[in-house]
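Below are the chains, spelled out letter by letter.
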Amino acid sequence: MRLEYEDFKKILNIGINLSTGRDRNEILASILESGMEVTNCDASTLYLYENDKLTFKIMKTLSMGISRGVGGEAIDMPPVAMKEENVCAYTAIHREIVNIPDVYDSDRFDFSGPKQYDSLTGYHTKSQLVIPLENNENELIGVLQLINAMDKEGNVIPFDKQFDIIIRSLGSMAAIELTNLTYMEELKAQLYSFVEALTTVLDERSPYNASHTRNVAKYSQILADYISELHQKGQSEEFFDQNRKEKLLLAALLHDIGKIVVPLGVMDKATRLGDELAKVEERFELLESLYEVDMLRGRITEEEYREQIADLKADLAFIHKIDAVGYLDNESYDRVSRISLKKHIKENGKVTKYITDKEKNCLSIRQGTLTVEEREVMKNHVVVTEKILSKVRFNKNFAIVPKWAASHHEFLNGTGYPKHLTAKELDLETRILTVADIYDALTAIRPYKNAIPDNKSITMLRNMAEEGKVDGQIVEWLSEALKKEV
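Calculation notes
- Residues numbered from 1 in each chain as written.
- Predicted model: local features only at pLDDT ≥ 70, side-chain atom pairs only at ≥ 80, totals over all residues.
- Heavy atoms only, no water.
- Phe/Tyr/Trp six-rings, centres within 6.5 Å; stacked < 30°, edge-to-face > 60°.
- Buried < 20%, exposed > 50% of the residue type's maximum accessible area, 1.4 Å probe, protein only.
- Helix = DSSP H or I, 4+ residues; strand = E, 2+ residues; numbered from the N terminus.
- Lys NZ or Arg CZ within 6 Å of the ring centre and 35° of its normal.
- Core = buried A, V, L, I, M, F, W, Y, C linked by side-chain atoms within 4.5 Å.
- Contact = heavy atoms within 4.5 Å.
- Lys, Arg positive; Asp, Glu negative; His and termini not counted.
- Salt bridge = Lys/Arg side-chain N within 4 Å of Asp/Glu carboxyl O.
- Polar contact = N/O pair within 3.5 Å; in protein donor to acceptor, adjacent residues only side chain to side chain.

Caption draft 1: Looking closely at the packing of aromatic side chains. Evaluation of the coordinates by the stated rule reveals five aromatic pairs. Relative to F56, the ring of Y47 has its centre 4.8 Å away and its plane inclined at 55°; by these criteria the two rings are tilted. Across this residue pair, the class does not change: Y47 and F56 are buried. Aromatic pair Y90 and F109: ring centres 5.2 Å apart, planes at 65°, arrangement edge-to-face. With a gap of 19 residues between them, Y90 in helix 3 (residues 87-94) and F109 in the loop between strand 4 (98-100) and helix 4 (112-121) connect regions that are remote in the sequence. Grouped by ring-pair contacts, the aromatic residues Y90, F109 and F111 constitute a single cluster. Over the ring of F240 we find R244, and its NZ or CZ is 4.2 Å from the ring centre.

Caption draft 2: The nonpolar core, seen in detail. Ranked by size, the top nonpolar core spans 46 residues in total, and within it L250, L254, F394, I432 and L461 carry the most contacts. Of all the secondary-structure elements, those providing two or more residues to this core are helix 5 (162-205), helix 6 (212-232), helix 7 (242-254), helix 15 (401-406), helix 16 (428-443), helix 17 (454-466) and helix 18 (472-485). With nine residues, the single largest contributor to this core is helix 6. With sequence-adjacent residues up to four places away left out, L250 is seen in contact with L191, Y192, V195, F394, F398 and V401. Counting 26 residues, the second largest nonpolar core, distinct from the first, contains C41, L129, F163 and L181.

Caption draft 3: Spatial organisation of the side chain of D323. Within the secondary structure, D323 sits in helix 10 (residues 302-323). One buried charged residue, D323, forms no salt bridge at all, with the nearest opposite charge on R272 at 6.3 Å. Within the structure, the side chain of D323 is placed 3.2 Å from the side chain of T271, a separation counted as a polar contact. When near neighbours in sequence (up to four residues on either side) are disregarded, D323 contacts T271, R272, L273, G274 and L277.

Caption draft 4: How the structure looks around the side chain of D437. Within the secondary structure, D437 sits in helix 16. The buried charged residue D437 lacks any salt bridge, with K259 as its nearest oppositely charged partner at 5.9 Å. With sequence-adjacent residues up to four places away left out, D437 is seen in contact with H212, V216, H255, D256, H408 and H409.

Set out below in structure tokens:
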């Protein structure tokens, strides 16, 4: 048989396809299908060398319509032991091409397996070409077994010797691509393990934050999968392939990494005063003692003393009450101001204020538990996130991840932070992270609030969408996707 121009063109195209494959299953299938195409054979089996055995990965028989393992699904057949009487094992052990014109006319190997298969299925195995797959480091990757070469009329013939080197070359190219892909997967796994380590550090700092990062990743994945499902139905132009989804989930896992530097006294602040409440309580005990001394020394009457003690107890009870309320009304706000003006003055002129300016500032918070200054510390975590991630060398594929992660508090109308980006500057991935982050924050238990029901949280997100802050379409997609999850 003489190779013609079209044959060489076909071989070159196969080489190009092998070198551009980026999915393991795609490359494996390409090895098998390329070998079958070049040799014009009817059947083939691809084995991978794993754990000192040859594992079935893909099997195809065109004449019988058999195709197994092409999509990566497991083939329920026992692996081939590395024994020389088996032709595939022999090829793997000796890294030697074996060309068998007719298995029924050969006693070189044990062909009882193919013969038994033939008797059960009615197939007739005749010629075989078995090639070891080795990478550029002389490592065995697997074995390709081609079965029943055919002429132009469809008659089974022996495999031409000239195919030996061609298939081995293509197999080597594929093996190298598989090795490179393995390296890429290992680097990706290394990156994810690094992210997991950072996420664990963050989660361990606070029990209230323990599941937030992973929840944001979970909701982001739910959204990505639902959007892709809509795309398949022709209801969305957007689509998340595996690579795009991986980048989104990586950004989700990294979005709060800047909280590593946020003081726990801010991040876990459950009440307005936080740890400062103990100091207020101690001071009020001191004030009671000071007024008692005043009474004993005749500076105030016993009646005045009782009035002062009653006043102290009432003020402290009020402070306890408003310390944990969600919202501070005007009357309570004014009373905090009046308490801040109260003070005790000793004979020597030493002044003891009921509450300090810092405590007044904390107690005067209208909503939530953080002061303006503490909110700025908290908001700064996205700046730190960007700063930390700028020190990590992301490859070209993941280069956009830091931007997405550091922008999850930006709003479409420019009122977010830290850069006040607007809709045209916010990718779909960032918009998804924003909605997922807010949804989990609303539905989660925090030291300063109870969990908000799912339906109410969605309503609050819809209100934010009407205000122009978040993407309303993503909110609706999340609502629909979550209903499917139930």
